[in-house]
Amino acid sequence: KLCKVYPTLFTEDFAESNFMATSADPDKPFKTYVDMTKGILQMHERYIDAASKDAKDAEPLVEFCKTLDLPRYKAMIQKLEKDLGPTLFDHDFGLDVLKAAADSAGADA
């Protein structure tokens, strides 16, 4: 067994971070974290046996993460910040909460 893989919600906490991204592109942090999520999905597919119980248990989260393009990811983070404040650390996000937040992209359009 190489390692354990746990789901991670990537967000940049501007309220508490000493290491914020610097870019003229206001979407740069969102783009970076979408790319990180894609990388984690690739590691999951590479290192976790698709027939394993771990893979089966992670399937709903993996399928959700595959839907996270830039607009959905950005909407998710902005909805969570709107509901919970700018500091998203120390929150136990359930998959249903994340899905609803990501789905809010179309609700505000």
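These numbers were taken from a predicted model, which means no experiment stands behind them. (Residues numbered from 1 in each chain as written. Predicted model: local features only at pLDDT ≥ 70, side-chain atom pairs only at ≥ 80, totals over all residues. Heavy atoms only, no water.)

Undergrad: What exactly am I supposed to notice about the pattern of salt bridges here?
TA: Opposite charge on two side chains permits them to pair, given that their charged atoms come into close proximity. This structure, assessed with the given rule, holds seven salt bridges. A salt bridge links Lys66 to Glu45; the nearest nitrogen and oxygen atoms lie 3.4 Å apart. Here Glu45 lies in helix α1 (residues 28-47) and Lys66 lies in helix α2 (residues 53-66), a separation of 21 residues in the sequence. Judged by its relative accessible area of 46%, Lys66 falls in the partly exposed class. (Salt bridge = Lys/Arg side-chain N within 4 Å of Asp/Glu carboxyl O. Helix = DSSP H or I, 4+ residues; strand = E, 2+ residues; numbered from the N terminus. Buried < 20%, exposed > 50% of the residue type's maximum accessible area, 1.4 Å probe, protein only.)

Undergrad: Looking at this structure, how should I read the nonpolar core?
TA: Most often, soluble globular proteins keep nonpolar side chains buried together rather than apart. In terms of nonpolar packing, the biggest core is built from 18 residues, with Phe64, Leu68, Tyr73, Met76, Ile77, Leu80 and Leu98 touching the most fellow members. Only α1, α2, α3 (70-84) and α4 (95-107) provide two or more residues apiece to this core. (Core = buried A, V, L, I, M, F, W, Y, C linked by side-chain atoms within 4.5 Å.)

Undergrad: Which parts of the structure should I look at to understand the packing of α1 against α2?
TA: Two packed helices can be described by the angle between their axes and the distance between those axes. Direction vectors running N to C along α1 and α2 enclose 150 degrees, while the axes themselves pass 11 Å from each other. Regarding the angle of α1 to α2, the classification is roughly antiparallel. In this structure, α1 crosses over α2, and the sense of that crossing is left-handed. On the side of α1, the interface is formed by Thr37, Leu41, His44 and Glu45, while α2 contributes Ala55, Ala58, Val62, Cys65 and Lys66. A class-by-class count of the residues in the contact of α1 with α2 yields five nonpolar, two polar and two charged. (Axes fitted to C-alpha atoms, helices over the stretch in contact; angles between N-to-C directions. Parallel < 35°, antiparallel > 145°, perpendicular 65-115°, else oblique. Left-handed = near helix turned anticlockwise from the far one by under 90°. Contact = heavy atoms within 4.5 Å. Nonpolar A, V, L, I, M, F, W, Y, C, P; charged D, E, K, R; others polar.)

Undergrad: Would you take a moment to explain the confidence of the model for the protein for this structure?
TA: Regions with low pLDDT carry predicted coordinates that are not meant to be interpreted in detail. Per-residue confidence for the protein gives a mean pLDDT of 83, with 77% of residues at or over 70. When the elements of the protein are averaged for pLDDT, α4 gives the smallest value, 88, and α2 the largest, 94. (pLDDT = per-residue confidence, 0-100.)

Undergrad: Looking at this model, I keep getting lost on α3. Mind explaining?
TA: In an α-helix, one turn spans 3.6 residues, which is why side chains three or four residues apart end up on the same side. Between its first and last C-alpha, α3 extends 21 Å over 15 residues, near the 21 Å set by a 1.5 Å rise per residue. Listing the buried residues of α3 in full gives Arg72, Tyr73, Ala75, Met76, Ile77 and Leu80. Capping the start of α3, Asp69 holds a side-chain oxygen 3.0 Å from the backbone nitrogen of Arg72, two or three residues further along. Following α3 by one or two positions, Gly85 adopts a phi angle in the positive range, close to 95 degrees. (Expected span 1.5 Å × (residues − 1). Polar contact = N/O pair within 3.5 Å; in protein donor to acceptor, adjacent residues only side chain to side chain.)

Undergrad: I tried to follow the side chain of Asp27 on my own but got confused; where do I start?
TA: Secondary-structure assignment places Asp27 in the segment before α1. A polar atom in the side chain of Asp27 sits 2.6 Å from the side chain of Lys74. Those residues in contact with Asp27, other than ones at most four positions away along the chain, are Leu70 and Lys74.

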